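# Descriptive structure summary
So the chains spell out like this:
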Amino acid sequence: MPLNHLIRDGDNPDITEERQKATFSTEELAIEIYGEPLAQRRREISAEVLKRPELLDDCPHVFLDRTTKVENSMKKTVAVMEKGSEICDFTSREELGHLVCEVFGDDGFPLSIHFVMFLPAIQGQADDEQAEQWIPRAMRLEFIGTYAQTELGHGTNLRALETTATYDKRTQEFILHTPTVSAYKWWPGNLGKTANYVIANAQLYIDGKSHGPHNFLVQIRDENTHQPMPGITVGDIGPKFGLNTNDNGFLRFDHVRIPRRNMLMRHSKVSADGVYSPPVHPKLSYGAMIFVRATMIRMLAHVVLKAATIAIRYSCVRRQGEIKTGNGEVKILEYQTQQHRLFTALARGFAYRLVGDEVKNLYEKIAEEVKHGNVEQLADLHALLSGMKSIVSYDSGKAIEQCRMACGGHGYSHASGIPEMYAVEIAGCTYEGENMVMLQQQARYLVKGIHRLAHGEELSTMLQYLANTSNNKFRIGESGVDLENALILALEYIARSTIERVTARLDSLQNKGLSAENAWNENAVELTRASRTHTRLWIARCFRDRVHRIENHAIRSALTDILELFLTYEVVDMSQYLYQGGYANSDQVAQVKDAMYKLLEKIRPNAVSYVDAYEVSDTELRSVLGRRDGNVYDNLLKWAKSNPLNRTEVLPAVEKHLMPMMLAAKSKL
Ligand SMILES: CC/C=C\C/C=C\C/C=C\CCCC(=O)SCCNC(=O)CCNC(=O)[C@H](O)C(C)(C)COP(=O)(O)OP(=O)(O)OC[C@H]1O[C@@H](n2cnc3c(N)ncnc32)[C@H](O)[C@@H]1OP(=O)(O)O
Ligand SMILES: Cc1cc2nc3c(=O)[nH]c(=O)nc-3n(C[C@H](O)[C@H](O)[C@H](O)COP(=O)(O)OP(=O)(O)OC[C@H]3O[C@@H](n4cnc5c(N)ncnc54)[C@H](O)[C@@H]3O)c2cc1C
C-alpha cells in the first residue's frame, strides 16, 4: 500500500513514480498540520464544492475584465452565504476559511475586511452595549462594513491623519470631516462599491483640543438603496498590482454628523458633556491592526505552500537537459539548483504555517487579557507581530518568486497561477504597516532590551537570550552538540551580536551629542537588520519546539528534515554575521552548507509527498502546472485555446488596424 494517498490511475507516470517513493504517510502529515477532524472535513468540503456549479468559476479569472471579476465574486459571495452552511460549519473559522479558499482562490473572500477588520475592531473596541447593538446585525450581513484608516496623504504615520471628529456638546454628536484632498480615506477594502458602514479613524477634537486618532462607526451608504449618505463622496481607487476583485476605495466626509455613542468606547470615552477619558494604553485603538498582523502569518504561509506545490509537482513532470550525457533528459527537480530554490521555499512555507498557529494562539491569549484591561504583554506582542508580519511577508514573497522562476517560461504565464499568488502575497509587505516601518517598531523594543540588561533589569522571555554572553563560539560538529542546537545557538549569536552592535553605535552617537532621532535615522538600516535577525531566531525556535512536540515518529522525522533544512538555510543566508566577533570560521560555515546540500538530497524523494500532504485541491490551486495528476502539457494547450483572444480566427482589431496598414503598404509597391 503506497504511503502517498493521492495516487490515481491515469496520472502522469512521472508524478506517480514520485508518490510511490514516499517514506511517510501523507495522510498522517496532513493530520499533523490540520488536526484530525479538520483534515477530513477539508476533503469533504472540497468534494462538495465540486458538485456545486454556482461556487465554481466558468473560466479562469485572469481572462476576465475587472468589472466582470467583481461581479463574479459578488455572485459567489451570495452563493456561499446562502448555501455554504450546507457544506461547512460556519462557526468554524477553519472550515469556513477552507471553503473560501476553494471558492475564491487567491483573492480570498471579497468581504474579508468586514470579517477581519470591521468586526474585530468592534469586538475589541466597542463597549458591551455598542457591541450588542452592532455585532449581531454585522454577523448576519444585514450591512457590510470596512476599516477606513489610511488617507491619501498618510498611511504609516497615524498621528498625522487629517480626518477630524469634532465633538458638538450642544447636539451630542461628532462631526466627521475631511479638510483637504490628502485627508481623503484611501485604500480600505470594500469601501469603493460595497460597504455601508466604516470604522473611521479620525483625530478626536473636544473644545478645540486634540486627543489623537480614535475610531468611529459611520454610515456611508443607505442600507436599502446603497446610495451614498448625505455628505459622503465615495468610489473605487482603480486597478492594482493584485487583489483586483476587491473594491479598495476612497472616501470624503463633508461635515457628517454621527451620534456620540458611535465612537467606539470600550477603552476611550467621551461623556455627554464632553469629558474625555483616555484608555489604559494609548495604542488600544490600533487593536484591529494587531489582529490582522497575527492572522496574516498563516495566510502568507499558505500562499508559499501553494506556490511550492505547483513548482515541485511541475518539476517532476518537466524534463529538460541531461545530467550525464547520453542518459536521457532528467526531471528538472534532479538539478541541485532547482532543489535549493524549491525545498527552501517549502521549508519556509512549513515553518511559517506551523509557527503561524503559535502566533495565533499567543495573540488570542494576550488579546483576551487586553480586553479585560491587562496590557502588560501588549508591548511584547506588538514587537513580535511587527517583526513577524515583515519577515514572513518579505521572505514569503522571495520564496514565491523563486517558485515562479523555477517553472521557467511557463511560470511567467498566468496558467501557472503563480503570478497572481505573488501579486496578492506581496501586498503583505505594505498593508498593516510598511515593512521597514514595522521592523523599526520592533527594533525599539530590542534596543530597550539591551538597555534594560545593562541596568540589571528583568528581560521578557522573548529576549532572555540577550543575556547569554557565554554563547560566543560556533559549536557545529563538536561532540555532544547536535546540528539543530548548534544552528539555533548560531542564530541566537547572530541576533544578539547584531542588536548589541547597533545599540552600541546608537549610544555612542548620542554620547557624541547627536539627537536620539538623528542617531536612530543614521542607524535605521542596521536596526531593521537587527529586527530581522531577532525575528528569524524567534521563528526558528518556535518551529523547532513545534516539531519536537510531534508524537508520530515518522512524521516527526519527515518534518525534522524540513526543520534542519530551514535552519541551515537561515544560517547560511545570514552567515556574514557569524564572522563578526570571530564566532565562526569559513570551514564551519562550509560545514553548514554541506549539511544543507545533504538535506536537499534527503528531501528529494519525498518532495511531492510533502506538498501533497499539505492538500491544496486543484480547485483552489487554479494552476495548470500544479495539477494533482501531472497532466500539464495537454491542459496548457486547452488553457491557451480557451482564452478569449482565440474566440475568432481573425481578431477584429487585426481586421480594423493591421490589415488596412498591410494593404496600404502593398498598394504602395
Ligand atoms: C488576515 C488577513 C486575511 C485576509 C486579508 C486579505 C487581504 C487583506 C488586505 C489588506 C488588509 C489591510 C488593512 C490595512 O492595511 S489597515 C491599515 C493598517 N495601517 C497600518 O498598519 C499603519 C502602520 N502604522 C502604525 O501602526 C503606527 O503609526 C506606528 C508606525 C506604529 C507608529 O505609531 P505612533 O502612534 O506614532 O507610535 P510611536 O510613537 O511610533 O510609538 C509609541 C509607542 O507605542 C508603541 N506602539 C505602537 N503601535 C502599537 C500597537 N499597535 N500596540 C502596542 N504598542 C504600540 C510603540 O512600540 C512605542 O512604544 P515605546 O515603548 O517604544 O514608546
Ligand atoms: C492591498 C492593500 C489593502 C489595504 N487595505 C487597507 C484597509 O482596508 N484599510 C486601510 O485603512 N488601509 C488599507 N491599506 C493601506 C495600507 O495600510 C498602507 O498603504 C500602509 O500602511 C503603508 O502606508 P503608506 O501607503 O502611507 O506608505 P508610506 O508610509 O507612504 O510608505 C512609503 C515609503 O516610505 C517609507 N516610510 C514611511 N514612513 C517611514 C518612517 N517613519 N521611517 C522609515 N521609512 C518610512 C516606507 O518604508 C516606504 O518605503 C491597504 C493597502 C494595500 C496595498
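From a predicted model like this one, the values you see are computed outputs, not experimental measurements.

As a further point, take the overall build of the protein chain. Scanning the protein chain for helices and strands turns up 23 helices and 11 strands. Along the first, second and third principal axes, the C-alpha set of the protein chain runs to 90 × 80 × 65 Å. Classification of the 669 residues of the protein chain by burial places 54% in the buried group. The contacts in the protein chain between residues at least 6 apart in sequence include a share of 73% that link residues at least 24 apart. Carbon and sulfur atoms make up 53% of the accessible area of the protein chain, which totals about 29600 Å². In the protein chain, the 78 positive side-chain charges and the 84 negative ones have mean positions that sit 4 Å from each other.

Further remarks concern the site of ligand 1. Near ligand 1 you find 27 residues, and of these Thr-156, Arg-159, Lys-283, Tyr-286 and Lys-448 are the closest. Note that an oxygen atom of ligand 1 is positioned 2.7 Å from one of the backbone N or O atoms of Thr-156. Here an oxygen atom of ligand 1 and a side-chain polar atom of Lys-283 are 2.7 Å apart. Isolated, ligand 1 exposes 1300 Å² of accessible area, and the fraction of that covered by the protein chains is 82%. Of all the secondary-structure elements, those providing two or more residues to the shell around ligand 1 are α6 (112-125), α8 (287-317), α10 (378-405) and α13 (435-454). With six residues, the single largest contributor to the shell around ligand 1 is α8. When the residues that make up the shell around ligand 1 are grouped by side-chain class, the tally is 12 nonpolar, nine polar and six charged.

Turning our attention to the sheet that holds strand β8 (residues 249-253). In space, the three strands of this open sheet follow the order β4-β8-β7, with antiparallel pairing throughout. Sheet topology places β4 (185-186) and β7 (232-236) at the edges, where each strand pairs with a single neighbour. The sheet contact formed by β7 and β8 spans five bridges and is antiparallel. The residue bridging Thr-233 from the neighbouring strand is Arg-252, located in β8.

For the rest of this paragraph, the subject is the side chain of Asp-380. Position of Asp-380 among the secondary structure elements: in helix α10. For the buried Asp-380, which has no salt bridge, the nearest side chain bearing the opposite charge is Arg-452, at an N-O separation of 8.3 Å. Polar contacts involving the side chain of Asp-380 include one to the side chain of Tyr-445, which spans 2.7 Å. When sequence neighbours within four positions are dropped, the list of residues in contact with Asp-380 reads Tyr-445, Ser-460 and Met-462.

There is a patch of nonpolar side chains on the surface, built from Val-650, Leu-658, Met-659, Met-661 and Met-662 and spanning about 440 Å² of accessible area. By secondary structure assignment, the location of Val-650 is in the loop between α22 (632-641) and α23 (652-667). Here Val-650 falls in the partly exposed class, since its relative accessible area comes to 41%.

What follows is about the UniProt feature "domain: Acyl-coenzyme A oxidase N-terminal" (unreviewed entry) in the protein chain. Under the UniProt annotation, the feature "domain: Acyl-coenzyme A oxidase N-terminal" (unreviewed entry) is placed at residues 26-144. Annotated as 71% helix and 0% strand, the span residues 26-144 places its first and last C-alpha atoms 40 Å apart.

Here we take up α23. Counting along an α-helix, one turn takes 3.6 residues, and residues three or four places apart therefore face a common direction. Taking 1.5 Å of rise per residue, the 16 residues of α23 would be expected to cover 22 Å, and the 22 Å separating its terminal C-alpha atoms lies within 8% of that figure. Maximum bend of α23: about 35°, positioned at Leu-658, with proline Pro-660 one to four residues after it.

Here the focus is the site of ligand 2. Around ligand 2 there are 20 residues in total, and Tyr-147, Thr-150, Gly-155, Thr-156 and Glu-434 lie nearest to it. Side-chain polar atom of Thr-150 to a nitrogen atom of ligand 2: 2.7 Å apart, as the coordinates give it. Thr-156 is positioned with one of its side-chain polar atoms (N or O) 2.5 Å from an oxygen atom of ligand 2. Against a free-state accessible area of 970 Å², the protein chains account for coverage of 64% of ligand 2. Looking at the shell around ligand 2, the element that brings in the most residues is α13, giving three residues. Considered class by class, the residues forming the shell around ligand 2 number eight nonpolar, 10 polar and two charged.

For any two helices packed against each other, one specifies the inter-axial angle together with the distance between the axes. Where helix α16 (residues 524-548) meets helix α17 (residues 553-573), the axes come as close as 10 Å, and the angle between the chain directions of the two elements is 165°. Judged on the interaxial angle alone, α17 and α16 are roughly antiparallel. Of the two possible hands of crossing, α16 and α17 adopt the one that is left-handed. Of the residues in α17, those touching α16 at Arg-536, Ile-539, Ala-540, Phe-543, Arg-544, Val-547 and His-548 are Arg-556, Leu-559, Thr-560, Ile-562, Leu-563, Phe-566, Leu-567, Glu-570 and Asp-573.

Another aspect to go through is the nonpolar core. With 155 residues, the main nonpolar core has Phe-350, Phe-474, Phe-543 and Leu-578 as its most contacted residues. Setting aside residues no more than four positions away along its own chain, Leu-578 makes contact with Phe-474, Ala-490, Tyr-493, Ile-494, Val-571, Tyr-583, Ala-584 and Val-589.

Rules used in this analysis
- Residues numbered from 1 in each chain as written.
- Chains lettered and ligands numbered in written order.
- Predicted model: local features only at pLDDT ≥ 70, side-chain atom pairs only at ≥ 80, totals over all residues.
- Heavy atoms only, no water.
- Helix = DSSP H or I, 4+ residues; strand = E, 2+ residues; numbered from the N terminus.
- Buried < 20%, exposed > 50% of the residue type's maximum accessible area, 1.4 Å probe, protein only.
- Contact = heavy atoms within 4.5 Å.
- Areas by Shrake-Rupley, 256 points an atom, 1.4 Å probe, with all protein chains shown as cover.
- Lys, Arg positive; Asp, Glu negative; His and termini not counted.
- Charge placed at Lys NZ, Arg CZ, Asp CG, Glu CD.
- Near = heavy atom within 4 Å.
- Polar contact = N/O pair within 3.5 Å; in protein donor to acceptor, adjacent residues only side chain to side chain.
- Nonpolar A, V, L, I, M, F, W, Y, C, P; charged D, E, K, R; others polar.
- Pairing = 2+ DSSP bridges.
- Salt bridge = Lys/Arg side-chain N within 4 Å of Asp/Glu carboxyl O.
- Patch = residues over 30% accessible without salt bridge, like charges linked within 9 Å, V, L, I, M, F, W, Y side chains within 5 Å.
- UniProt positions renumbered as here; feature names shortened; annotations may be inferred.
- Expected span 1.5 Å × (residues − 1).
- Bend = angle between axes of the 7 residues up to and from the residue.
- Axes fitted to C-alpha atoms, helices over the stretch in contact; angles between N-to-C directions.
- Parallel < 35°, antiparallel > 145°, perpendicular 65-115°, else oblique.
- Left-handed = near helix turned anticlockwise from the far one by under 90°.
- Core = buried A, V, L, I, M, F, W, Y, C linked by side-chain atoms within 4.5 Å.

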